[in-house]
Amino acid sequence: MNHSNFLSALTNILGERYVLSDKTQTASYLIEQRGLFESACLAVVKPASTEEVRACVKLCDEHDISIVPMGGNTGLCGGAVATEQQIILSLERLNKILDIDTENYSMTVQAGCILANIQNVASEQDRLFPLSLGAEGSCQIGGNLSTNAGGINVLHYGNARDLCLGIEAVLPNGTVFSDLSSLRKDNTGYGFKQLLIGAEGSLGIITAATLKLFPQPKEAVTALVALEKIESVISLYNLIREASSDRITTFELIPSIAIEFTAKHFDEHPNPFDTAHPWHVLVVVHSANPEDNLSELFSGALETAFEKELISDALIAQNLSQAEHF
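Residues numbered from 1 in each chain as written. Predicted model: local features only at pLDDT ≥ 70, side-chain atom pairs only at ≥ 80, totals over all residues. Heavy atoms only, no water.

## Some points on the sheet that holds strand β4 (residues 87-90)
Note on sheets: strands pair through backbone hydrogen bonds, and any given pair is parallel or antiparallel. So the rule is basically this: Strands are treated as partners if at least two bridges between them are detected by DSSP. Counting from the N terminus, the helices are the DSSP runs of H or I reaching at least four residues and the strands are the DSSP runs of E reaching at least two.
Spatially, four strands are ordered β1-β2-β4-β3 in an open sheet, and the strand pairing comes out mixed. The outermost strands of the open sheet, each flanked by one partner alone, are β1 (19-20) and β3 (67-70). The sheet contact formed by strand β2 (residues 43-45) and β4 spans three bridges and is parallel. In the sheet register, Val45 faces β4, and the bridge partner there is Leu89.

Right under this line is the structure:
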């Protein structure tokens, strides 16, 4: 099949509006965020259902056309870069929340759902979906799962793999693997979904997933801590972990150069400390129980850290605005 006939067959599946082959139409899909990689493609296709994804994959399999799946295209390592002989399959139209079960603390979503939208829908139901990262306003859950994203809450809640109960995916030959179970204690058969998570689309294109939800935190303490020696970091982590009964959600090590760059390029974010320090840690502790006295426990842990000379300075956010600033 020549390219013209192939594109016609894709158009028959999706409709002319959702098969983009003109360079002016595809330009935004060919941009790598840092401009380090050049991308091209035979076409960008935008299916709106698992069945349409299946039909596209089957057609490509029959005619030996390879596929680059694309979520929010927020990656920085060239994973969504295509060549002139490939198609880009965008999941952006698979963007529906299919179900939310507050009793079972689970949510079933299509792969093109933006991560921040999933977080917001869970929050509206007083639930938490804890995966959180810098691109959450534009990255998609399919991409998060296909790369096994970690994010800032990974220490407490785990990677994307740990937050997924079930998966639906289209395999390379066009068949559909569907296991959107929300059962937690599922010890049956092979864990095929675990192969798909982190495979970056090489074993199949994720089209939907069932995700774990958690109780919405009712109390949070955020602090920015300064250290003189990187060797103190693990001791500090363990001290706060024990004092908070293992409720650290965020523990991000930040070198001085990151603070300096931020202060240099963003006037609204000056160095929060009066003096420079070689290392910093952004730490957040959450609890779903407002009576846990986290602030008192956390302050006590930092006092101990001072006494043990693990830290040289610390700023505890006094309100939500300051926490977000940190």
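That shown, we press on.
## Observations concerning the pattern of salt bridges
Operational definition: By definition, a salt bridge exists where a carboxyl oxygen of Asp or Glu is found within 4 Å of a side-chain nitrogen of Lys or Arg. Throughout this description, buried means an accessible area under 20% of the type-specific maximum (1.4 Å probe, protein chains only), exposed means over 50%, and partly exposed covers the range between.
If you walk through the whole model with that rule in mind, you get six salt bridges. Glu92 is the salt-bridge partner of Lys46, the closest N and O atoms lying 3.9 Å from each other. Of this pair, Lys46 sits in the loop between β2 and α3 (50-62) while Glu92 sits in the loop between β4 and β5 (97-101), placing them 46 residues apart in sequence. Under the relative-accessibility criterion, Lys46 is labelled buried at 13%. Classification of Glu92 as partly exposed rests on a relative accessible area of 27%. A salt bridge links Glu51 to Arg54; the shortest N-O distance between them is 2.8 Å.

## Description of the nonpolar core
To be explicit about the condition: The set of buried Ala, Val, Leu, Ile, Met, Phe, Trp, Tyr and Cys residues whose side-chain atoms join them within 4.5 Å is what this entry labels a nonpolar core. In what follows, a contact means two residues having at least one pair of non-hydrogen atoms within 4.5 Å.
In terms of nonpolar packing, the biggest core is built from 49 residues, with Phe6, Leu10, Phe129 and Ile141 touching the most fellow members. Aside from chain neighbours lying at most four places away, what touches Ile141 is Val109, Gln110, Ala111, Cys113, Ile118, Phe129, Leu131 and Leu211. In this structure, Val225, Leu236, Ile248 and Phe251 belong to the second largest nonpolar core, which totals 21 residues.

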